[in-house]
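Reading the structure
Below, each chain spelled out in residue letters.
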Amino acid sequence: MADYKMHILVCGGTGCRASQSDKIVETFKTELEMHGLDDEVKVVATGCFGFCEKGPIVKIIPDNTFYVQAGVVDVKDIVEEHIIKGRPLKRLLYHDPATKSQVTDTAHIDFYKKQVRIALRNCGFINPENIEEYIARDGYAALGSVLEMKPSEATQMVKDSGLRGRGGGGFPTGLKWEITAKEKSDQKYVVCNADEGDPGAFMDRSILEGDPHSVIEAMAICGYCIGAGKGLVYIRAEYPLAINRLKIALNQAREFGLLGNDILGSGFDFDIDIRYGAGAFVCGEETALIHSMEGYRGEPTVKPPFPSVSGYLGKPTNVNNVETFANIPVIFNKGVEWFKSIGTENSRGTKVFALAGKVNNVGLIEVPMGITLREVIFDIGGGIRGGKKFKAVQTGGPSGGCLTEQHLDTPIDYDNLIAVGSMMGSGGMIVMDEDDCMVSIAKFYLEFTLDESCGKCTPCRIGNKRLHEILVKITSGNGIEEDIERLRVLGNVIKETSLCGLGQTSPNPVLSTLDNFYDEYLAHVNDKKCPAGQCKDLVHYEINANACTGCTLCFRNCPVGAISGEKKMPHYIDQSLCIKCGVCFEKCRFKAISIV
Amino acid sequence: MPKVKLSEYATNTVKEVCASFNNSEGELINVLHQVQQKLGYLPAEVQELVAKELNMSAAKVYGVVTFYSFFTMVPQGENPISICMGTACYVRGAEQVLDEFKRQLKIEVGETTTDGKFSLSALRCVGACGLAPVVMVGEKVHGRVAPTDVRKIISECKDGCLT
Ligand SMILES: Cc1cc2nc3c(=O)[nH]c(=O)nc-3n(C[C@H](O)[C@H](O)[C@H](O)COP(=O)(O)O)c2cc1C
Ligand code: SF4
Ligand code: FES
């Protein structure tokens with residue numbers, strides 16, 4: 001970033017683009033041109049800054065001013081006030097809800113204070129479509145140094161770093177490389193798993209969107225270590241932005257001689273192709289993924305043989321997750337000891353989470369292992385929205401579990417999360433508040449599993465259907481107490497007898513909510529009540545005549561005309577017309593409507 | 001399902017795409033991606049032709065098409081509406097939004113209105129969880145959608161159609 005006096009970084013991640021950040025970039029360019037500043041100030045569309053809640057984000061370098069919720073209309077003012085006159089635009093600064101003051105840079109924003117960025121080191125700093133910016137931040141230096149080592153030496157460093165797979169399983173990465181390296185074969189493959197099927201998670205996609213070269217570099221390093229000449233990235237066709245940036249990055253890497261034949265004059269040949277997924281969660285499972293890449297239905301097969309022995313086209317194949325790869329170059333650049341200094345004894349380094357749900361600061365975060373859930377949710381996430389009460393946090397997506405208040409001080413690492421009945425998963429973290437019904441949440445995840453089960457084995461295909469039926473019965477008010485026990489028994493059978501990881505973990509959301517929210521199940525079954533007021537069949541809406549001012553707001557918003565009443569007189573709901581959409585409840589400013 | 005004869009355009013498209021992948025069976029998924037991108041959907045007749053071109057059974061092609069949720073056998077509406085049903089959107093009320101779309105358009109998920117104007121689908125995490133609940137109409141993302149916004153979104157599309 002040499003010649004320019006100033007840089008304007010605009011978030012070009014999926015979230016901010018949804019709020020028109022690409023138009024902001026364009027408008028900055030025209031505005032700068034108009035002032036004849038386009039030689040001095042450069043506009044860069046970066047990857048995700050992480051603070052999606054407050055997007056679109058605009059950051060000015062070198063003074064590090066951090067603007068939130070910027071719009072196309074603000075561009076002119078930023079250029080005229082900040083860029084030209086050097087005065088930060090107060091109205092776009094982040095407003096700290098705790099101190100009630102304005103904060104100018106990320107170092108002083110609570111959302112960023114406890115984060116440590118390794119995998120996301122370049123997201124929000126560089127233009128992902130420009131390889132030179134990656135190189136300027138030590139990019140491809142690790143590949144250069146690895147090519148001067150023996151493959152076994154480099155593999156040993158990955159082993160020593162203690163890096164474990166970030167795709168969910170947590171298998172030691174260096175060990176996996178070593179096993180694949182030991183296989184003898186004329187061809188081996190390096191596969192990057194970018195399927196990211198967890199609904200409500202966007203970590204891997206954001207890394208590919210924000211820093212594709214870090215994954216490419218790591219795949220080449222892996223190829224060298226295990227003796228593979230070919231890499232494949234398996235990515236969903238639904239992620240057009242990530243695919244596009246990856247393609248650009250691959251071409252640039254080839255132009256720079258960092259992929260292709262005789263990389264950096266070392267005699268090592270390696271190139272990478274893209275394979276497209278088509279929206280099937282089970283294809284994230286490595287054997288299913290390999291079948292899908294071969295053009296078949298993505299159905300898992302029994303392991304062993306593991307892919308490292310017999311994978312793509314029957315050849316030894318090393319499958320790693322996007323985030324796992326993104327860590328690799330840093331381990332070589334900063335050293336094994338440095339990496340080991342972060343995190344806990346058995347879980348080194350950091351983990352990226354997509355923090356979402358009922359927290360104030362939804363976004364993409366990277367935290368050192370060992371941080372507590374409380375720090376993540378309350379310090380980084382800024383607590384629960386609308387001053388509501390925290391109820392649960394779900395990690396591990398459809399394979400994971402719901403944790404409660406009592407787990408908030410558990411340090412996050414692979415083993416601790418499993419010990420308390422959840423799992424790390426790939427990094428989805430969904431926070432729930434008092435308005436969320438845990439039986440419904442369990443049902444929601446099971447609906448997902450039902451959609452996504454490949455149907456190959458019976459426990460998962462039929463067992464989950466039965467589980468779901470019982471949950472429907474309970475949430476519609478027809479459950480009996482024995483149903484709860486049946487959920488537990490059936491859930492455990494499915495776990496023990498399913499063929500692949502999907503079925504083996506699919507009852508977890510049910511089992512963990514049973515453990516932690518047993519009373520809520522009981523209330524549904526015995527009292528026919530949904531304590532959170534979410535299960536439509538168990539609640540109805542009522543207007544309290546004493547509190548109703550007759551403002552007519554509910555009357556005007558009810559989509560089915562179920563509310564009637566004179567102006568300034570109490571209103572009333574016709575239960576036979578009401579569809580229980582809850583709009584009146586949300587709209588009422590006088591708390592006159594209650595869920596009973 | 002009544003058989004329709006494929007248009008010459010469709011037939012040529014399928015043949016060209018298959019040829020560009022050397023009519024190789026292993027490229028089936030890539031072929032289907034490109035054909036769907038060009039024709040919008042993958043009806044039975046298209047699948048049969050793909051099978052013939054790649055020299056494999058139509059049952060295998062059908063097996064793959066139905067396995068992956070990205071592939072569709074029905075044409076999309078002029079305004080394909082997708083409601084994100086990822087977890088983040090779900091806990092912020094996506095289901096109520098979906099219900100309201102179903103009610104107003106009088107169709108279920110996976111269906112298209114009889115006038116061909118709207119189709120409804122559910123997808124999982126658009127990657128804009130900060131804007132939850134999220135609704136996509138074509139490429140356009142609507143964030144923080146409440147059930148009361150549904151009418152406006154639909155009528156915006158209708159206005160768009162007229163011009
Ligand atoms: C049902 C299921 C879905 C999975 N989905 C993913 C996924 O989306 N992304 C991923 O990296 N790994 C996923 N995995 C884990 C992979 O099978 C595999 O362990 C991982 O890609 C290995 O990489 P790692 O060691 O770097 O984590 C999934 C596993 C199962 C059983
Ligand atoms: S457990 Fe489920 S997803 Fe896995 S093989 Fe069996 S049916 Fe398929
Ligand atoms: S869950 Fe809807 S955008 Fe992520």
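The written sequence of each chain sets the order in which its residues are numbered from 1. Starting at A for chains and at 1 for ligands, labels are handed out in the order in which the entities are written. Local features are withheld for residues below a pLDDT of 70 in this predicted model, meaning they are given only at 70 or higher, and side-chain atom pairs are given and counted only at 80 or more; totals for whole chains, interfaces and linings count all residues. Note: side-chain values were computed over all heavy atoms of the structure, leaving out hydrogens and water.

A short note on the domain arrangement of chain A
Residues and elements named next belong to chain A. Entries for chain A in the domain assignment read domain 1 (6-113), domain 2 (131-339), domain 3 (350-433), domain 4 (438-527) and domain 5 (540-595). In what follows, a contact means two residues having at least one pair of non-hydrogen atoms within 4.5 Å. If you look at the interface, domain 1 gives 10 residues, while domain 2 gives 8 residues. Contact between domain 1 and domain 2 buries roughly 570 Å² in total, counting both sides, with carbon and sulfur atoms accounting for 48%. Think of a salt bridge as a Lys or Arg side-chain nitrogen and an Asp or Glu carboxyl oxygen that are within 4 Å of each other. Linking domain 1 with domain 2 are 1 salt bridge, by the criterion used here. For the salt bridge of Lys 42 with Glu 133, the shortest nitrogen-to-oxygen distance reads 3.5 Å. The definition of a polar contact used here is a pair of N or O atoms within 3.5 Å, where within protein one atom must be able to donate a hydrogen and the other to accept one, and adjacent residues in sequence count solely through side-chain atom pairs. Here domain 1 and domain 2 share 3 residue pairs in polar contact (both at pLDDT 80 or more) between them. Only DSSP runs of H or I with at least four residues qualify as helices, and only runs of E with at least two residues qualify as strands; both kinds are numbered from the N terminus onward. When residues of the side of domain 1 that touches domain 2 are traced back to their parent elements, those giving at least two are α1 (14-18) and β2 (41-46). The source of the domain bounds is an automatic or database domain assignment. The term buried area refers to how much accessible surface (probe radius 1.4 Å) is lost by two components on association, counted for both of them together.

Points about the packing of aromatic side chains
Residue and element names in this part refer to chain A. For Phe, Tyr and Trp, rings pair up if their centres lie within 6.5 Å, where Trp contributes its six-membered ring, and each pair is then called stacked (planes under 30 degrees apart), edge-to-face (over 60) or tilted (otherwise). Counted according to the given criterion, the structure contains 19 aromatic pairs over all chains. Taken together, Phe 49, Phe 51, Phe 66, Tyr 94, Phe 111 and Tyr 112 form an aromatic cluster joined through their ring pairs. Two conditions define a charge sitting above a ring: the NZ of Lys or the CZ of Arg must be within 6 Å of the ring centre, and it must be within 35 degrees of the ring normal. In this structure, Arg 137 packs its charged tip against the face of Phe 125, placed 4.6 Å from the ring centre. A cation over a ring is seen here: Arg 205 above Tyr 239, with NZ or CZ 3.9 Å from the ring centre.

Digging into the domain arrangement of chain B
Domain boundaries in chain B define domain 1 (8-67) and domain 2 (79-158). On a C-alpha basis, the centres of domain 1 of chain B and domain 2 of chain B stand 30 Å from each other.

So, the sheet that holds strand β1 (residues 79-84) of chain B
Residue and element names in this part refer to chain B. Strand pairing is assigned whenever DSSP detects at least two bridges linking the two strands. Taken in spatial order, the 4 strands of this open sheet run β2-β1-β3-β4, and their pairing is mixed. The outermost strands of the open sheet, each flanked by one partner alone, are β2 (118-123) and β4 (140-142). Across this sheet, the average inter-strand angle for adjacent strands is 25°, counted without regard to direction. Bridge analysis of β1 against β2 gives 6 bridges, and the strand direction is parallel. Structural elements are reduced to axes, namely lines fitted to C-alpha atoms, with helices fitted over the stretch in contact, and the angle between N-to-C directions of any two is expressed from 0 to 180 degrees.

Notes on the interface of chain B and chain A
Contact with chain B, which involves 37 residues of that partner, is made by 55 residues of chain A. Carbon and sulfur atoms supply 59% of the area that chain B and chain A bury against each other, a total of about 3,600 Å² over both sides. Sorting the residues of chain B by area buried against chain A places Phe67(B), Thr87(B) and Arg124(B) first, and these three jointly supply 18% of that buried surface. Summed over the shared surface of chain B and chain A, the number is 4 salt bridges. The residue Glu53(A) makes a salt bridge to Arg144(B) at a minimum N-O spacing of 3.5 Å. For the side of chain B that touches chain A, the secondary structure elements donating two or more residues are α2 (28-39), α4 (58-67), α5 (87-91) and α6 (94-105) of chain B. Gly falls in the polar group here, along with every residue not listed as nonpolar (Ala, Val, Leu, Ile, Met, Phe, Trp, Tyr, Cys, Pro) or charged (Asp, Glu, Lys, Arg). When grouped by side-chain class, the residues that make up the side of chain B that touches chain A number 18 nonpolar, 12 polar and 7 charged.

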